[in-house]
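Single-letter residue listing:
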Amino acid sequence: MLVPCFLYSLQNRKPSLYGSLTCQGIGLDGIPEITASEGFIVNEISKKSIHISCPKESASSKFLAPYTTFSRIHTKSITCLDISSGGGLGVSSSTDGTMKIWQASNGELRRVLEGHVFDVNCCRFFPSGLVVLSGGMDAQLKIWSAEDASCVVTFKGHKGGILDTAIVDRGRNVVSGSRDGTARLWDCGRSACLGVLADCGSSINGVAVGAADNSINLGSPEQMPSEREVGTEAKMLLLAREDKKLQCLGLQSRQPVFLFIGSDAFNCCTFLSGFLLLAGTQDGNIYQLDVRSPGAPVQVIHRSGAPVLSLLSFRDGFIASQGDGSCFIVQQDLDYVTELTGADCDPVYKVATWEKQIYTCCRDGLVRRYQLSDL
């Protein structure tokens, strides 16, 4: 059996490398015997992974197949998912109009969360793992009990669909970003808006909250913060905007830290540390920026022109997913990129992790679980 293979170069927009793999048969241990075309080397192979390199171009990728696939959670495209802090539960939302909680080990349905009008764009667990935060096209932000599926809080104030959320510390406060161009801070205990953090005049596609390094000047608040603000001090807020701008401000001070202009609309963002961050664009760029000197990127990773749909800090690196079905892990201490396979050309919208397990959700309606121990 002959199958094509290609390796992406992460640096300097080098073209993809193309070759082919040939299966010579199955060994006694059940593992395929694979040979590669000229210029490529099969370094290692197991039942769930294959490591291929091209020494001439210093390119190396390890391809990992899903450990298991959950096909019965939703009937249509799954747009968001998260895994609870204990690893026992998953939550996901779909274009079939549903949001569901399921057993992370086997995909078995536990709860259906009903109450949003129109689609749910984003969902995540609070750090306790017992409560879920969701945002929908109905411009509402809701908090749910994962134990009995009841909606315990509804926040109203946005004038457009909510596209992303972030939880501050343990969850007394949460942040939302909306199509209406605003980011808002909410008090969960009193179901109240504590303020508009930013009014961009452009859709906010992604938000992230991170602790700031001591060397970063976050500015001072113009007014005394409300006593209902908990855990906002020494935090940065990052906004991925539709107008090609990446905005960073002090969460408590509301003062600007930087404004970076990218190549296209920013879809997602995440913090890697107290001063390093990542942001992904609609035209396939992943910008790594240093908050201390944000004028020029530390690096720009470009593997394809497909939209970067999600970014997640992972160990000493990150996981990224794109609109062409690619999902990959970059780690500093490894000389290869880990490719999570299975989605083919369907967009992978979101990635979540728990210990050595990685979960992805995709347009094909499947949740895939990968086991890093299979590497």
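Bear in mind the structure is a predicted one, so any value in this text is a computation, not a measurement. (Residues numbered from 1 in each chain as written. Predicted model: local features only at pLDDT ≥ 70, side-chain atom pairs only at ≥ 80, totals over all residues. Heavy atoms only, no water.)

> Sorry, what's going on with unusual backbone geometry here?
The backbone of D169 sits at a positive phi, close to 50°, despite the residue not being glycine. Mapped onto the elements of the fold, D169 is located in the loop between β16 (162–168) and β17 (173–178). Positive phi outside glycine occurs at R254, with the angle close to 65°. With respect to the secondary-structure elements, R254 resides in the loop between β22 (245–250) and β23 (256–261). (Helix = DSSP H or I, 4+ residues; strand = E, 2+ residues; numbered from the N terminus.)

> I'm lost on the nonpolar core in this one. Help?
The tendency in soluble globular proteins is for nonpolar side chains to be buried side by side. Counting 25 residues, the largest nonpolar core has V91, L113, F155 and V174 as the members making the most contacts within it. Breaking this core down by element, the ones donating at least two residues are β9 (89–94), β10 (99–103), β12 (120–125), β13 (131–136), β14 (141–145), β15 (151–155) and β16. For this core, the element with the most residues is β12, which contributes 4 residues. What V174 contacts, discounting residues up to four positions off in sequence, is F126, L133, L141, F155, A166, I167, V168, R184, L185, W186 and C188. Membership of the second largest hydrophobic core comes to 19 residues, among which are L218, M236, A240 and F258. (Core = buried A, V, L, I, M, F, W, Y, C linked by side-chain atoms within 4.5 Å. Buried < 20%, exposed > 50% of the residue type's maximum accessible area, 1.4 Å probe, protein only. Contact = heavy atoms within 4.5 Å.)

> Any chance you could explain the domain arrangement of the protein chain here in plain terms?
The extent of an interface is frequently quoted as the accessible surface area lost upon association of the parts. Entries for the protein chain in the domain assignment read domain 1 (2–64) and domain 2 (68–371). Taking only C-alpha atoms, the centre of domain 1 and the centre of domain 2 are 33 Å apart. In this complex, domain 1 contributes 11 residues to the contact, which on the side of domain 2 involves 18 residues. With both sides pooled, the region where domain 1 packs onto domain 2 buries about 1,400 Å², and carbon together with sulfur makes up 56% of that total. Taken together, the links from domain 1 to domain 2 amount to 0 salt bridges. Taken together, the connections running from domain 1 to domain 2 amount to 5 residue pairs in polar contact (both at pLDDT 80 or more). The element contributing the most residues to the side of domain 1 that touches domain 2 is strand β6 (residues 59–64), with 5 residues. (Domains from an automatic or database assignment. Buried area = accessible area lost by both parts, 1.4 Å probe. Salt bridge = Lys/Arg side-chain N within 4 Å of Asp/Glu carboxyl O. Polar contact = N/O pair within 3.5 Å; in protein donor to acceptor, adjacent residues only side chain to side chain.)

> Please clarify how the pattern of salt bridges should be interpreted in this entry.
A side chain of one charge can pair with a side chain of the opposite charge if their charged atoms are brought near each other. One pass over the full model with this rule turns up 10 salt bridges. E44 is the salt-bridge partner of K62, the closest N and O atoms lying 3.3 Å from each other. Within this pair, whereas K62 is found in strand β6, its partner E44 is found in strand β4 (residues 41–45), the two being separated by 18 residues in sequence. Overall, K62 belongs to the buried group, its relative accessible area being 4%. Residue classification places E44 among the partly exposed positions, given a relative accessible area of 42%. Linking R303 and E339 is a salt bridge whose minimum nitrogen-to-oxygen distance equals 2.9 Å. Placement of R303 in the loop between β27 (299–302) and β28 (308–314) and of E339 in strand β31 (residues 337–340) is noted, with a sequence separation of 36 residues between them. Neither residue differs from the other here; R303 and E339 are each classed as buried.

> Whenever I open this one, the sheet that holds β27 confuses me. Can you help?
Backbone-to-backbone hydrogen bonds join strands into a sheet, with any given pair of strands oriented parallel or antiparallel. Ordered by their spatial adjacency, 4 strands build an open sheet running β24-β25-β26-β27, and the pairing between neighbours is antiparallel. Pairing within the sheet leaves two strands with one partner each, and these edge strands are β24 (266–271) and β27. The mean inter-strand angle of the sheet, taken between neighbouring strand axes irrespective of direction, is 20°. Pairing of β24 with strand β25 (residues 276–281) involves 5 bridges; the strand directions are antiparallel. Across the sheet, C269 pairs through a bridge with A279, a residue of β25. (Pairing = 2+ DSSP bridges. Axes fitted to C-alpha atoms, helices over the stretch in contact; angles between N-to-C directions.)

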